[in-house]
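# Observations on the model geometry
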Amino acid sequence: MASVTTQKITAWEDISSSVKNFRLAALLGWQDVAQRYRRSSVGAFWLTINMGVLIGALGLVFGTIFNSPMSEFLPFICVGLIMWNYFSSLVNEGCGSFISNSDTMLQLPIPFFTYILRTWWRNTIILAHNMVIFPLVLLIFGKFVNFNSLLFIPGFVLVSLNLLWVMIVLAVLCTRYRDLTQIVQNIMQVGIYVTPIMWMASNLPGGTQSRLWLMLDLNPFFHLISIVREPLLGGTATPINWLISIAMAIVGWLIALLFLNRYRLRITYWL
């Protein structure tokens, strides 16, 4: 049944149908979280506790190493680690979005993008649980957010748009080439060290014209995390951060649509 349906639906129709019926993806994503922590008295807040312990430990260690004031460094690393966990979870789990739902995909004519949205919504719920830590950190140091924090909303939308198209491409590629999943996981493991998550870009030597800053400008995760982290810290991301993030979203979605449209008929045969 799935193969017959795929012959009549283009990538754009698949995505638009999934968005219109987003409730299905939301219910599936919520069920994933609920099932994972079933019979647990604390539930999904175990993730929040684990993240809080990690932020406190790494904040103390790296804040001491870089001799940074804790009132500045701890909120910085708090948002950085929470958002990086969101990025890496979506990218890594996006690789297996089709593979993990193979039984359903082979039996029911559900749009393929629904499984991508399911993964996105599941991790967004986890992100919401972890973000509870940030206001607690601000209260500890007597800090408060300002009107710049409202820029977090368009920043998060833009980040989600970029991650969704990445997930589409990786889901298709990893369904065909299963070893690619391990390569992506290794890249994400290294990515946290070359992205200013546990260290501040302002600590780089040589000023903004140095080669190290050029490395950041070529790092897409640096721009994505800047447009959501800087507003929460009371600042604003640079115009370059916004422009590159917007450009990645436009070009990336064009590639993802062409990619899904071309290989959509073959996905069920690769499962």
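Our subject is the structure listed above.
Here we summarise the structure given alongside this text. This is a predicted model, so every value here is computed, not measured.

### Things to note about the overall build of the chain
Along the chain, the regular secondary structure elements total 13 helices and 0 strands. Helices (α) and strands (β) of the chain occur, in sequence order from the N terminus, as α-α-α-α-α-α-α-α-α-α-α-α-α. Rg of the C-alpha trace for the chain: 20 Å, near the compact-globule value of 18 Å for 271 residues, within the 12% margin. The principal-axis extent of the C-alpha atoms belonging to the chain is close to 60 × 50 × 35 Å. For the chain, with 271 residues in total, the buried portion stands at 49%. Sequence-distant contacts in the chain: of pairs separated by 6 or more residues, those separated by 24 or more amount to 78%. Accessible surface, the chain: about 14000 Å² in total, of which carbon and sulfur atoms supply 67%. Once the 16 positive and 9 negative side-chain charges of the chain are each reduced to a mean point, those two points are 7 Å apart.

### Quick look at the packing of aromatic side chains
One pass over the full model with this rule turns up 14 aromatic pairs. Relative to tryptophan 121, the ring of phenylalanine 22 has its centre 5.5 Å away and its plane inclined at 90°; by these criteria the two rings are edge-to-face. Taken together, the positions of phenylalanine 22 in helix H3 (residues 22-36) and tryptophan 121 in helix H7 (residues 113-130) put the pair 99 residues apart, joining distant regions of the chain. The partly exposed category is assigned to tryptophan 121, whose relative accessible area is 26%. Pairing phenylalanine 98 with phenylalanine 112 gives two aromatic rings, centres 5.8 Å apart and planes at 55°, and the pair type is tilted. Of this pair, phenylalanine 98 sits in the loop between helix H5 (70-95) and helix H6 (102-105) while phenylalanine 112 sits in the loop between H6 and H7; the two residues are 14 residues apart in sequence, bridging distant segments of the chain. For the pair shown, phenylalanine 98 and phenylalanine 112 are each scored as buried. Taken together, the ring pairs in this structure connect Phe22, Trp120 and Trp121 into an aromatic cluster. We note arginine 176 situated over the ring of tyrosine 177; from NZ or CZ to the ring centre the distance is 4.9 Å.

### Considering H3
In this model, H3 (15 residues) spans 21 Å end to end at C-alpha, consistent with the 21 Å of a helix rising 1.5 Å per residue. Taken together, the buried positions of H3 are occupied by Ala25, Ala26, Gly29, Asp32 and Val33. Take H3 and look down its axis: the buried residues cluster within an arc of 120°, on one side only. Exposed side of H3, more than 90 degrees from the buried face: Arg23, Leu27 and Trp30 are the residues found there. Turning to H3, the residues buried within the fold contact H7.

### Examining the side chain of threonine 48
The topology assignment puts threonine 48 in helix H4 (residues 45-65). Its relative accessible area of 10% is what places threonine 48 among the buried residues.

### Things to note about the pattern of salt bridges
Overall, the coordinates contain 4 salt bridges when judged by the stated rule. Aspartate 14 serves as the salt-bridge partner of arginine 264, at 2.6 Å between the closest nitrogen and oxygen. Residue arginine 264 is found in helix H13 (residues 239-270), and its partner aspartate 14 is found in helix H2 (residues 11-20); the two are separated by 250 residues along the sequence. According to the relative accessible area criterion, aspartate 14 is buried, its value standing at 0%. In this structure, the salt-bridge partner of arginine 118 is aspartate 32, at a minimum N-O distance of 2.8 Å. On the criterion of sequence distance, the pair formed by arginine 118 in helix H7 and aspartate 32 in helix H3 is long-range, its members being 86 residues apart. Residue class for arginine 118 comes out buried when judged on its relative accessible area of 16%.

Calculation criteria
Residues numbered from 1 in each chain as written. Predicted model: local features only at pLDDT ≥ 70, side-chain atom pairs only at ≥ 80, totals over all residues. Heavy atoms only, no water. Helix = DSSP H or I, 4+ residues; strand = E, 2+ residues; numbered from the N terminus. Rg over C-alpha atoms; globule rule 2.2 N^0.38 Å. Buried < 20%, exposed > 50% of the residue type's maximum accessible area, 1.4 Å probe, protein only. Contact = heavy atoms within 4.5 Å. Areas by Shrake-Rupley, 256 points an atom, 1.4 Å probe, with all protein chains shown as cover. Lys, Arg positive; Asp, Glu negative; His and termini not counted. Charge placed at Lys NZ, Arg CZ, Asp CG, Glu CD. Phe/Tyr/Trp six-rings, centres within 6.5 Å; stacked < 30°, edge-to-face > 60°. Lys NZ or Arg CZ within 6 Å of the ring centre and 35° of its normal. Expected span 1.5 Å × (residues − 1). Arc of directions from axis to C-beta. Salt bridge = Lys/Arg side-chain N within 4 Å of Asp/Glu carboxyl O.

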